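Structural overview for review
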Amino acid sequence: MSAVNIRVAGAVQGVGLRPFCYREATRRGLAGFVLNDLGGVKIHLEGTSEAIKGFINELRYNPPPASRITGINLEEAEEQGLRGFRILQSEAGQASQELQVSADLATCKNCKREILDSEDRRYRYAFTNCTDCGPRYTIIASLPYDRPKTTMAEFKMCEDCQREYDDPSDRRFHAQPDACPVCGPELVLFDASGRVLRCKDPIKETVRLLLKGKTVAVKGLGGYHLMCDAMDPESVERLRMRKRRPHKPLAVMCANIEQARSLAVISREEELVLRAPAAPILLLLWNPDVGEDIRAALAPLNPGIGIMLAYTPIHHLMFATDLEGKRLNPLVATSANRGDEPIIADERELFDKVGDVVDAVLAHNRRITNRIDDSVAFLHPTRNTPTPSSQPPKGSAWGEIHLIRRARGFAPAPLETPFRFQPSLAVGAEMKGSFAVAAGNRVWFSPHIGELSGRASMEFFEQTLTTYLRWFHVEPEVVVCDAHPDYLSTRWAERYAEDKGIRLYRVQHHHAHVASVMFEHEIVDDVIGLALDGTGYGPYPADLLRESAGTPDDYSSIWGCELLYVHDRGGRFKRLGHLKPLPLVGGELAIRRPRRMAAGVLADLFGKDKAIEMFGKEGEIAGKLLERENDVLRVLRVLRGVVRGVLRASSAGRLFDAVVGLIGLVDEITFEAQAPVALESLCPADLSGTTGYPFAISDDLILDPAPCFAAILEDMEKGLAPFEISARFHLGFARVLVDWLVRAREMTGTSTVALSGGVFANRTLVRLLNNLARKERLLPLLPRLIPATDGGLAAGQLMASRALIELEPIKAQTT
């Protein structure tokens with residue numbers, strides 16, 4: 001006989017680990033106990049060595065599907081002569097960093113079966129869950145994770161639920177949100193004014209409203225969705241008009257994979273991700289059979305559509321409801337918010353901010369403590385994509401999944417790295433707001449916050465940060481921010497550092513993009529960085545630019561197409577090259593109006609006459625919007641032949657905007673990346689026989705788009721179709737980027753390339769660049785479980801500041 005103490009760390013509370021231990025110990029004749037404590041789960045076993053070894057192997061290789069074990073530590077113990085195996089009450093106190101909080105999980109197949117079984121006591125009960133599924137992060141008030149410390153403390157369990165909760169052989173043993181129609185939360189339906197609509201079944205009435213073309217706000221796990229019939233263009237247009245969202249793509253929720261396939265082409269790997277417990281929104285290519293009216297309503301000028309499967313009992317019951325032979329089509333399921341503010345989770349805020357958007361509200365009385373939006377991802381094709389598990393142990397465990405927004409199903413689970421961090425806080429930038437908290441070898445990423453440009457988002461930022469610091473027991477000794485002096489996050493970090501008396505580091509935007517890839521791929525060697533986005537603050541006058549960088553017109557404080565050499569373990573960088581800065585005539589106006597952007601570029605590259613020829617009132621591609629506002633004429637008056645003294649940007653995003661403006665694809669921008677997405681939507685999948693547009697690279701690695709624009713003008717004169725121009729542009733841009741990288745390899749001696757920035761959400765460019773780079777024996781690396789957008793900047797900020805601390809541990813540095 002022998003005895004052992006086992007410490008299990010990770011996301012191990014509220015995921016069925018204790019009943020798992022009870023069953024396995026009892027089956028093997030082991031005595032002992034298991035309990036939740038402040039570090040995770042503690043197990044004591046007594047029995048034969050063979051039985052103990054079998055228990056440990058089962059724990060290590062076949063744990064409960066919702067768990068995410070990061071460590072199993074064994075220690076010999078003294079035999080206590082225990083009989084039987086017991087589950088003990090959790091220990092109280094302050095949680096340690098070893099304890100992880102489980103993400104919210106999509107409804108499991110057993111719970112779904114119960115709510116659709118008319119003989120089951122939970123038939124049509126909208127809050128059914130077990131240890132394998134349901135709310136976690138969104139209902140926790142404090143740790144360790146026990147019912148009295150969640151919003152379910154308000155609901156006293158009935159005898160039947162208590163019996164399940166206390167039975168170690170039941171899958172609801174210690175399932176903290178356990179409930180039933182007798183004792184649990186309830187649904188209620190309101191009209192748009194907040195008055196209760198009396199009805200026997202709020203879900204059936206909600207379905208009735210949706211079938212009539214109405215818009216209903218539905219409360220889910222992390223907040224409210226605004227829902228309407230996705231197959232009714234009039235309903236979708238009405239929602240767009242009310243929400244003031246004329247063009248931005250709308251996410252769609254489907255009942256099952258078959259319904260999803262009616263809208264999109266779905267591979268086996270994509271199906272696995274859609275069905276996984278994280279249940280993200282997945283960006284998929286359109287099913288060719290989908291009509292243009294549906295495409296234009298849901299995602300105009302977009303190569304695909306974002307789809308998620310129903311993931312709560314409320315969703316499943318809505319789709320399963322049959323009203324006189326009618327069932328719901330796929331539903332628009334867009335976050336209930338205004339603009340880019342955080343998702344709304346509170347009824348009062350809902351009626352205050354979007355009461356004029358909805359016809360009804362399906363609410364419930366299970367409070368959401370920690371709101372969280374849906375995650376968004378796409379799957380990059382690969383020959384050997386592993387089957388996704390419930391919680392991937394590392395950043396690459398799901399193969400080629402790429403997160404665009406890290407939120408529900410992923411946050412707040414940490415990423416563990418081989419790097420060691422002082423207790424640190426990185427606040428990200430402004431767009432796609434997200435922070436990261438680090439200590440030791442763990443980094444906790446916040447869920448998507450929203451644009452950090454207003455009070456609502458900053459309040460949500462502070463609330464979530466306070467929760468993270470308390471839960472994960474981190475007291476930052478370092479705070480890191482973007483180098484942009486006017487971001488609200490930068491100003492907040494400056495105040496925080498001063499108030500706490502801790503060090504502040506500023507990390508240049510595109511340096512952080514590249515360093516985020518180094519963080520996820522665990523790289524400390526030097527890399528070539530290719531950062532492509534819309535806007536990032538760069539030094540001006542640029543002490544990081546070489547003296548040979550060109551004339552004063554080549555300088556710009558707005559970067560966005562950057563070839564970098566990142567060295568010193570990610571702590572420092574050199575700007576090897578950049579896109580020749582393009583003029584932003586009128587500043588922000590040029591970003592909002594692609595034709596204005598294009599007119600400025602043409603005048604800059606080819607002179608005022610060419611811009612007048614193309615954009616004057618009698619010009620070949622003058623648009624109605626420009627004629628009405630005389631916008632181009634204003635541009636031409638400013639230009640005076642060659643653009644001098646005009647704000648410029650070396651930005652890949654602005655390059656795409658100029659091409660879109662030239663071919664007249666989009667008149668006015670209403671959401672971020674609208675023009676690049678529209679251009680990608682025209683690009684055919686098969687580019688065989690296509691010749692890419694030419695670009696020039698100077699001796700000092702300045703990327704000049706003049707040959708590209710000259711070729712586009714020639715093709716337009718020949719009457720080449722816009723889809724052919726898009727194909728030639730994407731291929732030509734990918735090829736010149738690879739040529740650029742080859743030149744950088746010759747200078748630096750490294751073949752590892754870190755790719756990051758919002759432009760890499762363009763799947764066509766990613767595919768072309770990846771294939772061409774590998775043919776040149778380059779190793780391109782993209783972020784996966786850290787977004788390539790600004791939502792992943794905090795990881796790079798941590799990586800860069802960590803290296804600076806190691807390089808100069810006494811004097812605080814900025815980069």
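First, a word on scope: everything that follows refers to the structure included in this document.

Conventions we followed
- Residues numbered from 1 in each chain as written.
- Predicted model: local features only at pLDDT ≥ 70, side-chain atom pairs only at ≥ 80, totals over all residues.
- Heavy atoms only, no water.
- Helix = DSSP H or I, 4+ residues; strand = E, 2+ residues; numbered from the N terminus.
- Buried < 20%, exposed > 50% of the residue type's maximum accessible area, 1.4 Å probe, protein only.
- Contact = heavy atoms within 4.5 Å.
- Areas by Shrake-Rupley, 256 points an atom, 1.4 Å probe, with all protein chains shown as cover.
- Arc of directions from axis to C-beta.
- Axes fitted to C-alpha atoms, helices over the stretch in contact; angles between N-to-C directions.
- Parallel < 35°, antiparallel > 145°, perpendicular 65-115°, else oblique.
- Left-handed = near helix turned anticlockwise from the far one by under 90°.
- Nonpolar A, V, L, I, M, F, W, Y, C, P; charged D, E, K, R; others polar.
- Polar contact = N/O pair within 3.5 Å; in protein donor to acceptor, adjacent residues only side chain to side chain.
- Pairing = 2+ DSSP bridges.
- Phe/Tyr/Trp six-rings, centres within 6.5 Å; stacked < 30°, edge-to-face > 60°.
- Salt bridge = Lys/Arg side-chain N within 4 Å of Asp/Glu carboxyl O.

Some words on the overall build of the protein chain
Along its length, the protein chain carries 25 helices and 29 strands. With 815 residues in all, the protein chain has 62% of them scored as buried. If you take every contact in the protein chain between residues at least 6 apart in sequence, the share linking residues at least 24 apart comes to 74%. Accessible surface for the protein chain amounts to roughly 31100 Å². Of this, 47% is attributable to carbon and sulfur atoms.

Brief notes about helix α6 (residues 233-243)
Every buried residue of α6 is accounted for by Ser235, Val236, Leu239, Arg240 and Lys243. On an axial view of α6, the arc spanned by its buried residues comes to 140°, and they lie on one face. Within α6, the exposed residues directed more than 90 degrees away from the buried face are Glu234 and Met241. Buried-residue contacts for α6 involve β8 (224-229), α9 (292-298) and β13 (331-335).

Quick word on the side chain of Ser102
Among the secondary structure elements, Ser102 is positioned in the loop between β5 (85-87) and α3 (109-115). Its relative accessible area of 5% is what places Ser102 among the buried residues. Ser102 has contacts with Ala11, Gln13, Val15, Ala66, Arg136, Tyr137 and Pro412, leaving out every residue within four places of it along the chain.

Examining the environment of Ala411
Relative to the helices and strands, Ala411 resides in the loop between β16 (401-405) and β17 (415-426). In this structure Ala411 comes out as buried when scored by relative accessible area, which is 0%. Sequence spacing of Ala411 and Tyr137 is 274 residues, and the spatial spacing of their C-alpha atoms is 8.2 Å. Excluding residues that lie within four positions of it along the chain, Ala411 makes contacts with Ala103, Ile372, Phe445, Ser446, Pro447 and Tyr468.

Quick word on unusual backbone geometry
In this model, Ala411 is joined to Pro412 through a cis peptide bond whose omega is 10°. Along the polypeptide, Pro412 turns up in the loop between β16 and β17. Residue Arg244 is not a glycine yet carries a positive backbone phi of 60°. By secondary structure assignment, the location of Arg244 is in the loop between α6 and β9 (252-254). Despite not being glycine, Lys432 shows a phi value in the positive range, around 55°. Inspection of the secondary structure assignment puts Lys432 in the loop between β17 and β18 (436-445).

Brief notes about the packing of helix α20 (residues 652-663) against helix α23 (residues 722-748)
To characterise two packed helices, one gives the angle between the axes of the helices and the distance between these axes. Contact pair α20 / α23: the axes reach a minimum separation of 11 Å and the direction vectors enclose 160°. Judged by the inter-axis angle, α20 sits roughly antiparallel to α23. Crossing of α20 over α23 shows right-handed handedness. Contacts from Ala652, Leu655, Phe656, Val659 and Ile663 of α20 reach α23 at Pro722, Ile725, Phe729, His730 and Phe733. Grouping the amino acids of the contact of α20 with α23 by side-chain chemistry returns 9 nonpolar, 1 polar and no charged.

Section: the side chain of Thr131
Tracing the backbone through its elements, the reader meets Thr131 in the loop between α3 and α4 (159-166). Of the polar contacts made by the side chain of Thr131, one reaches the backbone oxygen of Arg171; its length is 2.8 Å.

Here we look at the sheet that holds β17
A sheet is described by the order of its strands in space; here 4 strands give the open sequence β18-β17-β19-β20, paired in mixed fashion. At either margin of the open sheet sits one strand with a lone partner, and together these are β18 and β20 (503-507). Between one strand axis and the next, the sheet turns by 60° as a mean value, whatever way the strands run. In the packing of helix α12 (residues 455-471) onto the sheet, the strands contacted are β17 and β18, and the crossing angle to β18 comes to about 155°.

Details of the pairing of strand β1 (residues 2-11)
In terms of burial, β1 is a largely internal element, 7 of the 10 residues being buried. In this sheet, strand β4 (residues 68-76) lies alongside β1 in antiparallel orientation, the contact comprising 8 bridges. The residue of β4 that forms the bridge with Asn5 is Glu75.

Topic: the packing of aromatic side chains
In the structure shown here, the tally under the stated rule is 18 aromatic pairs. Taking the centre distance of 6.2 Å and the plane angle of 50° together, the rings of Phe421 and Phe519 count as tilted. Taken together, the residues Phe421 in strand β17 and Phe519 in helix α14 (residues 509-520) connect sequence positions 98 residues apart. Classification of Phe421 by relative accessible area gives buried; the value is 7%. Ring centres of Tyr468 and Phe472 lie 5.3 Å apart, and the angle between their planes is 90°; on these two criteria the pair is classed as edge-to-face. On the basis of relative accessibility, which here comes to 0%, the residue Tyr468 falls in the buried class.

Side note on the pattern of salt bridges
Close approach of charged atoms lets side chains of opposite charge pair. Applying the stated criterion across every chain yields a total of 40 salt bridges. Of the charged contacts, one joins Asp191 and Arg195 as a salt bridge, the two residues approaching to 3.2 Å between their closest N and O atoms. What makes Arg195 exposed here is its relative accessible area of 56%. Here Asp373 ties to Arg405 by a salt bridge, and the two come within 3.5 Å at their closest N and O atoms. Taken together, the residues Asp373 in the loop between β14 (360-364) and β15 (376-379) and Arg405 in strand β16 connect sequence positions 32 residues apart. What emerges from the salt-bridge pattern is a single network uniting Glu114, Arg121, Arg122, Glu164, Arg171, Arg172 and Asp178.

With respect to the environment of Ser756
Position of Ser756 relative to the elements: it lies in strand β28 (residues 752-756). Overall, Ser756 belongs to the buried group, its relative accessible area being 0%. Once you skip the residues sitting within four places of it in the chain, Ser756 turns out to touch His513, Ser516, Val517, Leu530, Ala531, Leu532, Pro783 and Ala788. A polar atom in the side chain of Ser756 sits 3.3 Å from the side chain of His513. Within the structure, the side chain of Ser756 is placed 3.3 Å from the backbone oxygen of Ala788, a separation counted as a polar contact.

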